[in-house]
Number of protein chains: 4
Amino acid sequence: MTAQSLKIAVIGGGSSYTPELIEGILLRQDSLPVREICLTDIEAGKEKLEIITALTQRMVAKAKADIVVSQTLDRRKAIKGADFVMTQFRVGGLKARQRDEAIPLKYNRIGQETTGSGGFAKALRTIPVVLDICRDIEELAPNAWMLNFTNPAGLVTEAIQKYSNVKTIGLCNVPVSMQMMASEMLDCEPSALQMKYAGLNHLVWVTSAYLNGREVTKELLEKVGDGANFSMKNIFEEPWDADFLNALGVIPCPYHRYYYQTEAMLAEEQLSFKEKGSRATQVMTTEAALFELYKQASLDSKPKELEERGGAYYSDASLNLVDAIHNNRNDIHVVNVRNAGVIRALPDDAVIECSAVIGNNGATPLAVDPLPHFVESLISRVKSYEMLTVEAAVYGDKEKALLALATHPLVGDIQVAKSLLDDILEQNEDHLPQFVSH
Amino acid sequence: MTAQSLKIAVIGGGSSYTPELIEGILLRQDSLPVREICLTDIEAGKEKLEIITALTQRMVAKAKADIVVSQTLDRRKAIKGADFVMTQFRVGGLKARQRDEAIPLKYNRIGQETTGSGGFAKALRTIPVVLDICRDIEELAPNAWMLNFTNPAGLVTEAIQKYSNVKTIGLCNVPVSMQMMASEMLDCEPSALQMKYAGLNHLVWVTSAYLNGREVTKELLEKVGDGANFSMKNIFEEPWDADFLNALGVIPCPYHRYYYQTEAMLAEEQLSFKEKGSRATQVMTTEAALFELYKQASLDSKPKELEERGGAYYSDASLNLVDAIHNNRNDIHVVNVRNAGVIRALPDDAVIECSAVIGNNGATPLAVDPLPHFVESLISRVKSYEMLTVEAAVYGDKEKALLALATHPLVGDIQVAKSLLDDILEQNEDHLPQFVSH
Amino acid sequence: MTAQSLKIAVIGGGSSYTPELIEGILLRQDSLPVREICLTDIEAGKEKLEIITALTQRMVAKAKADIVVSQTLDRRKAIKGADFVMTQFRVGGLKARQRDEAIPLKYNRIGQETTGSGGFAKALRTIPVVLDICRDIEELAPNAWMLNFTNPAGLVTEAIQKYSNVKTIGLCNVPVSMQMMASEMLDCEPSALQMKYAGLNHLVWVTSAYLNGREVTKELLEKVGDGANFSMKNIFEEPWDADFLNALGVIPCPYHRYYYQTEAMLAEEQLSFKEKGSRATQVMTTEAALFELYKQASLDSKPKELEERGGAYYSDASLNLVDAIHNNRNDIHVVNVRNAGVIRALPDDAVIECSAVIGNNGATPLAVDPLPHFVESLISRVKSYEMLTVEAAVYGDKEKALLALATHPLVGDIQVAKSLLDDILEQNEDHLPQFVSH
Amino acid sequence: MTAQSLKIAVIGGGSSYTPELIEGILLRQDSLPVREICLTDIEAGKEKLEIITALTQRMVAKAKADIVVSQTLDRRKAIKGADFVMTQFRVGGLKARQRDEAIPLKYNRIGQETTGSGGFAKALRTIPVVLDICRDIEELAPNAWMLNFTNPAGLVTEAIQKYSNVKTIGLCNVPVSMQMMASEMLDCEPSALQMKYAGLNHLVWVTSAYLNGREVTKELLEKVGDGANFSMKNIFEEPWDADFLNALGVIPCPYHRYYYQTEAMLAEEQLSFKEKGSRATQVMTTEAALFELYKQASLDSKPKELEERGGAYYSDASLNLVDAIHNNRNDIHVVNVRNAGVIRALPDDAVIECSAVIGNNGATPLAVDPLPHFVESLISRVKSYEMLTVEAAVYGDKEKALLALATHPLVGDIQVAKSLLDDILEQNEDHLPQFVSH
């Protein structure tokens, strides 16, 4: 990658997260010669896009950076000639997320927007749009790297890997957040702690942790079992049982709670929904407030309030990837990448989340010793669901969609799956053209 | 196997099923030179043992068979010099089964005695006893074949394979029942229909079916989806959804309902429990009636009433194995056997249920093409539970037991698992000495 | 398979082996309702075809069998409506075999017609012709079973499996000969000895042997090491080293000598070539004598002299397959079949030679426990050669052909491989149209 | 690894290569706080050890480094408290190497000291000594890292991994030399070229090469095929065939010539042996000259003449590892490491040579996509030989040793293997105590 002048395209540029990215770019001016940022969004997001573009321009101006910031509603213009394409959009917006979170609750099922069956609906809506974008990239920026933050990130990245030729890496802020929380527990610098990750997006495990070369996996597990803070802003922090963790022997991510503490998580979701509406509804309020802030002509930096939105470390997670690729740093990051034999129970072309070396030829996963069978079988079961969902989304195959939900450990029951599916298809009708003629 | 005079030991000889075995032996006098049948049971089963022994003697006399029938409370006497050891006992009797079925219902979990968490409790009680028996066989009849019917048959057979040197095959009447039901649906002779089985005990799939060399898998699936009778006497026949079956592409066994139709199965269990008590309670009544019948000196054959008890085809299933081994028939039967690479996601030493060739060197499984990922991942998940349960049962390891339940797709939730486990350990205290000092 | 009237097509019907097949058919009249035998051959084999057809008719007449015997030079006529198609031809005839055996000797390489690089040349000539036949079968007899004896049988069967939809089983008389020799060594009935086979055609191992249920693998190995007869008529019987066999732990087939006793085998080939000409030359004499015999109008049965030709047990090996398929016997035979995971280091679609159950839906291999690594790696290396050869043969790819020879453990050296390949391509020019334009 | 004061023990400190290591240490004073270097050797190497120690002291003095240099004939003293143990000795010295190289030539087999059967003899002598050293490290420096350069490095590292608890990484200068030669061919900085390595020591392949993110594998292959310099000082540079390389598709290491160009390599070895004696004999002369140089009190740096000895880049290869471990750099180096699933046809605990991330918890291999079958099968075959050799060396098992040689692609023939083995055992009698009582 010899380009001395980088163009970054941000699809879903009107997102409230965009200032995170911009901050990350500005902080890396010395190592990343970004000269153009093009923000694009759909017609419905025009107003937000304008607010964000203006804020971005103010941020760039304040940093005295030599970067041209532009906006467009024509996605192809944004993509053309880009070196990096960032995707962070939400098909159907927060209204769709409201439905994603609400529908499953009707059937006593987890209504979470990625891990729960809300994530299933989101995948059906998102995958066709992402693949359309890939068609554009293949044509207009065939050497570009697509960094995908769009959730459910593992599923979406798998669809891109299987159904396009675009060079892509999927990423998520969960692993880096775990790194931060774990180093806080151990009272050490994050960089002193080497944790090996393997699993799927939002179902990733730390299989071993080393502090200055000494294994501390058991120590960490004990702290997690003793109630140390080990969660994300956006999910409920049900404490972990110490006996269970000890038997497990590897460290679960915060989202594992949905699988292992389903009842408490569901109860909390239902209560919270009753009291405060869905999380989407809460986010709408936060977003509205954020955009009010963003509009202020005096604001020329990322406001603190954004951090409360839940996307901690996204800035670093994403720009570190850009840096590692552009400068061929061969750093280790935890990303969503082609399995290539790392998790033996999955096909080589399944996308997994694991520690990988990132350089200018992309992400190469680190090998891991065989996972405990009870870890690998959960990963495998969820991956079955994911593979079926990708297929259902791409082909608009309703039977595959049913089988996907019946395979999901958090749905399982066929009758529930049928009702859920019908409800999802009906309420998302406008966003699921692939299912129309089937 | 050149023995011209076979001794068969029946452990749990006082079981109401024993007349099935005896009938099977008597029907095969031409090919099987059985000369001695020794029935053994524990002290508490003495009365039943005497009734069964007397009935057996009347059956043998009626058949004019040259067979000595004996009974003993000393298990070692029965085993000494045996060619075949049949196990069909229930540690704790039907009272224990009542508890197994009742406890899970308190936590809204399937209370089935094999697939449900009832089967977990049964495994904890049974495995140590079976391994004790194995010690006796290793010493007193090292060349004997142990045919294990004791449930949960897959788990118990895996424990024997891993923790003893006894030659063993596990078996169950589900596959043969599926064969019978499927041939009825297709209106053909059972022998004309070749079905390939692979999976676990009570989680076995027919991956393909051929009628006279023509594939009929899809045809069969359609019939099952159209509501053809495809169930066992002892489980509720919730109909299957045709769309789901079509997407599945392989034929589930009746017990798959617990995984895929959990809500309906649980609802039925709870209703039935409320109205009629647990299935164990119902069986107690049947058993009492059966033993009344068995006592009658005029009875000298297996009474029809036994068939309603639920063990259809047990006689054939088991004696066909004895025949195939003794006469080196190399017939194909569906049994529980060492995996040896057949199901790729499982260790070689996991016990699976599949089509196998049975001859005088035991059971050799037939290879199968890769199963669909969503089939293999369910098998894999349940096998994780089974491996943890075997380890917990052998070592009395409470943490492993907790992890086992949290891994079981029908339990999952840690809090539920903890309550269930505590309840099971407390109510089975007398039968779980291995957990005492832990 | 309900056909009550079977048609058998024999491609290469003019072969001197055909009376073997006819004898097999006539011996099985009670179980196999063969009503039509159609022999076909190419123009160049017309005279032989006529001789064989006449002999066949005399044999049928003598047996008073209700079978119509016909001959044709139009292969499609023979195939049309056939239930079984037997292939046993030699592209280029014995003259080509002479070259196959002679060329490698020039380069100090084994000149054997299957295992040696002679087999490589034969594969290049044969595979395109076999695939042409498959096109005819797909069109004219889509339900027929093709039983392939044409050497190199493993390679040819793999080509059929990968590049056609024809139902096929490959077979060879080596495994049945090993069975016969081993039972002679142990002085038992062949049927009393259960041997488990796994490997490739002419590189098959007996991984375990059981006599009446008792393992006798070590015993057999010792006898082979002590110089017991364990070879085939057509290969030199260099004795095995006892220490080596003991370390090996599994029983090699006679052809393993080419890999493990290369120098002695090569020396013998070179000496024999000098003294008596190539084996093909010797066979020509035998064949000429045989056809003289066959011409005699008084001959109405398979003459004893045929046995000395080297194809012991071909009759049984092949007709037993026809019987097992037609009558759905589910017998165990050792055949060439799709791997399906049996040998873990090979792709699922590689063709292996192993014990398999044969019924009306074809051959299902028996699973085997992991082979010793040093056994699996030799199989794997030879299979690499085979896969490359199939590809080279199908696509006429000269570079792949070079890589194939350089991969063959009996060639290896690139310079030798280049010379060999050039020589083979030049001398077989007439039979390798696929290489012309490349 | 927080030690601020490192001790390095060099076993075989009297080696002529030691100045390489010392230079590497002195060049890294800023990043590596080495405070003690202890050189140890056996009694027979006392004189050389003294010469090297004195030279080392002069080098340290010149560099004004704060490092205590000591020497001892008591290995345990050297090991006690060491942070890094470097091994670079030769059991039996160059005299043994003379025999290793000469014996195989008698049997027309490659007499190379690592890849050829010379390496087999060396492994038998070396492995028991290395494991003795490991016992000392386990006791006296349990946290030390052992960096093993002792050849055959892959075999020796596998023995350490399997039969000790010592933390170890094996390394070799071939991969780094390939990196240098390849970057020269492409006229780029070595660091701009990303090559992915996988295979075994002296049988390692570059599966892909990227220059500034663009794949250049084919380009490199063409240059190698066009005769670009791509060899090591110590092996004959037979040119590669371009057609063969093109079919291969991956880049072989210089030592692959022994497998693919056996005849030319053997011819050259035999000619060179006749004209100049074995390579060991030539090295003896070089060594004598080197030690004459080393003795000169005026010499206080690594002399240029050492480079001609053949160990290019050893200094960098080894000290870069020390640096990566001590400073937790997570750099990528190509090392010998536990397979952990990277090469699918090998056991997890086989030692492979591949790209790995090196940090303070050791080496973690990078995953690779499935290798071409013909590459994996050669690796697998050679690994079979290696596994058998390790076992033979550890247990003094003569039958396993025979099987090992018969498995080696460059020996193969049993009779040759027997003669070779007898010759090796006889001529190495003094160094193979483990074979005495067997």
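All figures in this text were calculated on a predicted structure; none of them were measured in a lab.

## Overview of the overall build of chain A
What chain A contains, in helices and strands, is 16 helices and 12 strands. Over its C-alpha trace chain A gives a radius of gyration of 21 Å, about what one expects of a compact globule, namely 22 Å for 438 residues. Projecting the C-alpha coordinates of chain A onto the three principal axes gives extents of approximately 55 × 55 × 40 Å. A separation threshold of at least 6 residues defines the contact pool for chain A, and within that pool the share at least 24 residues apart is 69%.

## Some remarks on the interface of chain C and chain D
Across the contact, 35 residues belong to chain C and 35 residues belong to chain D. Looking at the side of chain C that touches chain D, the elements that each hand over two or more residues are helix H9 (242-248), helix H10 (257-260), helix H11 (262-276), helix H14 (373-395), helix H15 (398-407) and helix H16 (414-427) of chain C. Here the side of chain C that touches chain D is composed, by residue class, of 17 nonpolar, 10 polar and 8 charged.

## Comments concerning the interface of chain A and chain B
Taken together, the 35 residues of chain A in the interface contact 35 residues of chain B. At the level of elements, helix H9 (242-248), helix H10 (257-260), helix H11 (262-276), helix H14 (373-395), helix H15 (398-407) and helix H16 (414-427) of chain A are the ones that each hand at least two residues to the side of chain A that touches chain B. Ranked by residues supplied to the side of chain A that touches chain B, first place goes to H14 of chain A with 9 residues. Across the side of chain A that touches chain B, the residue classes break down as 17 nonpolar, 10 polar and 8 charged.

## Brief notes about helix H2 (residues 46-62) of chain A
All names here are of chain A. The terminal C-alpha atoms of H2, which comprises 17 residues, lie 24 Å apart, in line with the 24 Å expected from a rise of 1.5 Å per residue. Of the residues making up H2, those classed as buried are Lys48, Leu49, Ile51, Ile52, Thr53, Leu55, Thr56, Met59 and Val60. On its buried side, H2 packs onto helix H1 (18-27), strand E2 (34-40), strand E3 (68-72) and helix H12 (279-295). Following H2 by one or two positions, lysine 64 adopts a phi angle in the positive range, close to 50°.

## Looking at helix H15 (residues 398-407) of chain D
Counting buried positions along H15 of chain D gives 7 out of 10 residues, so the element sits mostly inside the fold. Taken together, the buried positions of H15 of chain D are occupied by Ala401, Leu402, Leu403, Ala404, Leu405, Ala406 and Thr407 of chain D. In this fold, the buried residues of H15 of chain D make contact with H9, H10 and H14 of chain C together with helix H5 (117-140), helix H14 (373-395) and helix H16 (414-427) of chain D.

## Focus: the relation of the copies chain C and chain D
Least-squares fitting of chain C to chain D yields an RMSD of 0.0 Å, with the transformation described by 0.0 Å of translation along the axis and a rotation of 180°. Taken together, the rotation and translation relating the two chain copies correspond to the operation of a two-fold axis. Of the interface residues in chain C, 100% have counterparts in chain D that sit at the interface too, so the contact is made through matching surfaces.

## Comments concerning the UniProt feature "binding site: Mn(2+)" (unreviewed entry) in chain A
All names here are of chain A. With numbering aligned to this structure, UniProt lists the feature "binding site: Mn(2+)" (unreviewed entry) at Cys172 and His202. For the residues just named, distributed over 31 residues, the greatest C-alpha separation is only 8.4 Å, placing them together at one site. Among the structural elements, cysteine 172 can be located in the loop between strand E6 (167-170) and helix H7 (174-185). Owing to 27 C-beta atoms within 10 Å, cysteine 172 belongs among the buried residues under this scheme. Beyond its immediate sequence surroundings of up to four residues, cysteine 172 is in contact with Ala153, Asn201 and Glu353. Residue contacts for histidine 202: discarding those within four places in its chain leaves Thr114, Thr115, Val174, Cys253 and Tyr255.

## A look at the pairing of strand E5 (residues 145-148) of chain A
Residue and element names in this part refer to chain A. Burial along E5 is two-sided: Trp145 and Leu147 and Met146 and Asn148, pointing in opposite directions, are all buried. Pairing of strand E4 (residues 84-87) with E5, which is carried by 4 bridges, proceeds in the parallel orientation. Pairing of valine 85 across the sheet is with methionine 146, part of E5.

## Remarks on the relation of the copies chain A and chain B
Its rotation angle being 180°, the transformation that places chain A on chain B also includes 0.0 Å of axial translation and leaves an RMSD of 0.0 Å. Here 100% of the contact residues of chain A are again contact residues in chain B; the copies associate through an equivalent surface.

## Some points on the environment of arginine 58 of chain A
Residues and elements named next belong to chain A. Topologically, arginine 58 is positioned in helix H2. When the C-alpha positions of arginine 58 and proline 347 are compared, they lie 47 Å apart, and in sequence the two are 289 residues distant. If we ignore the near neighbours within four places in the chain, the residues touching arginine 58 are Leu299 and Asp300.

## Section: the arrangement of the chains
Separated throughout, chain A and chain C approach each other most closely at a C-alpha pair spaced 14 Å apart. Kept free of each other, chain B and chain D leave a smallest C-alpha distance of 14 Å between them.

## Looking at the packing of H15 of chain A against H16 of chain A
Residue and element names in this part refer to chain A. Interhelical geometry of H15 versus H16 gives an angle of 130° and a closest axis separation of 9 Å. The angle between H15 and H16 falls in the class oblique. The two elements H15 and H16 meet at a crossing, and its hand is right-handed. In contact with Ala401, Leu402, Leu405 and Ala406 of H15, H16 contributes Ile414, Ala417, Lys418, Leu420 and Leu421. A class-by-class count of the residues in the contact of H15 with H16 yields 8 nonpolar, no polar and 1 charged.

## Here we look at unusual backbone geometry
Leave glycine aside and you will find that most residues have negative phi; peptide bonds, for their part, are mostly trans. Looking along the chain, the bond that leaves asparagine 151 of chain C and enters proline 152 of chain C is cis, with omega of -10°. Its identity is not glycine, yet histidine 202 of chain C carries a phi of approximately 60°, on the positive side. At asparagine 212 of chain D, a position not held by glycine, the phi torsion is positive, near 50°. Among the secondary structure elements, asparagine 212 of chain D is positioned in the loop between strand E8 (203-211) and strand E9 (214-215).

## A look at the packing of H14 of chain C against H15 of chain C
All names here are of chain C. At their nearest, the axes of H14 and H15 sit 8 Å apart, and the two run at 160° to each other. Taken as axis vectors, H14 and H15 run roughly antiparallel relative to one another. In this structure, H14 crosses over H15, and the sense of that crossing is left-handed. Only Lys400, Ala401, Leu403, Ala404 and Thr407 of H15 make contact with H14, whose side of the interface consists of Ser384, Tyr385, Leu388, Thr389, Glu391 and Ala392. In the contact of H14 with H15, the residues fall into 6 nonpolar, 3 polar and 2 charged.

## Things to note about the environment of isoleucine 51 of chain A
All names here are of chain A. Within the secondary structure, isoleucine 51 sits in helix H2. Taking the number of C-beta atoms within 10 Å as the measure of exposure, isoleucine 51 has 20 and is therefore buried. Taking C-alpha positions, isoleucine 51 is 9.7 Å from serine 16, a pair spaced 35 residues apart along the chain. With residues near it in sequence (within four places) discarded, isoleucine 51 still touches Phe291, Tyr294 and Lys295.

## Side note on the nonpolar core
If you look at the biggest cluster of nonpolar residues, it comprises 592 residues, and the most contacted ones within it are Val85 of chain A, Val85 of chain B, Val85 of chain C together with Val85 of chain D. Excluding anything up to four places from it in sequence, valine 85 of chain A contacts Ala9, Ile11, Ile79, Ile137, Ala141, Ala144 and Met146 of chain A.

## A short note on the confidence of the model for chain A
Of the residues in chain A, 98% reach a pLDDT of 70 or more, and the chain-wide mean stands at 94. The ipTM value of the predicted complex is 0.96, and its pTM value is 0.96.

What counts, and at which threshold
- Residues numbered from 1 in each chain as written.
- Chains lettered and ligands numbered in written order.
- Predicted model: local features only at pLDDT ≥ 70, side-chain atom pairs only at ≥ 80, totals over all residues.
- Helix = DSSP H or I, 4+ residues; strand = E, 2+ residues; numbered from the N terminus.
- Rg over C-alpha atoms; globule rule 2.2 N^0.38 Å.
- Contact = placed C-beta atoms within 7 Å.
- Nonpolar A, V, L, I, M, F, W, Y, C, P; charged D, E, K, R; others polar.
- Expected span 1.5 Å × (residues − 1).
- Buried ≥ 20, exposed ≤ 12 C-beta atoms within 10 Å, placed from the backbone.
- Least-squares fit on C-alpha atoms with pLDDT ≥ 70 in both.
- UniProt positions renumbered as here; feature names shortened; annotations may be inferred.
- Pairing = 2+ DSSP bridges.
- Axes fitted to C-alpha atoms, helices over the stretch in contact; angles between N-to-C directions.
- Parallel < 35°, antiparallel > 145°, perpendicular 65-115°, else oblique.
- Left-handed = near helix turned anticlockwise from the far one by under 90°.
- Core = buried A, V, L, I, M, F, W, Y, C linked by C-beta atoms within 7 Å.
- pLDDT = per-residue confidence, 0-100.

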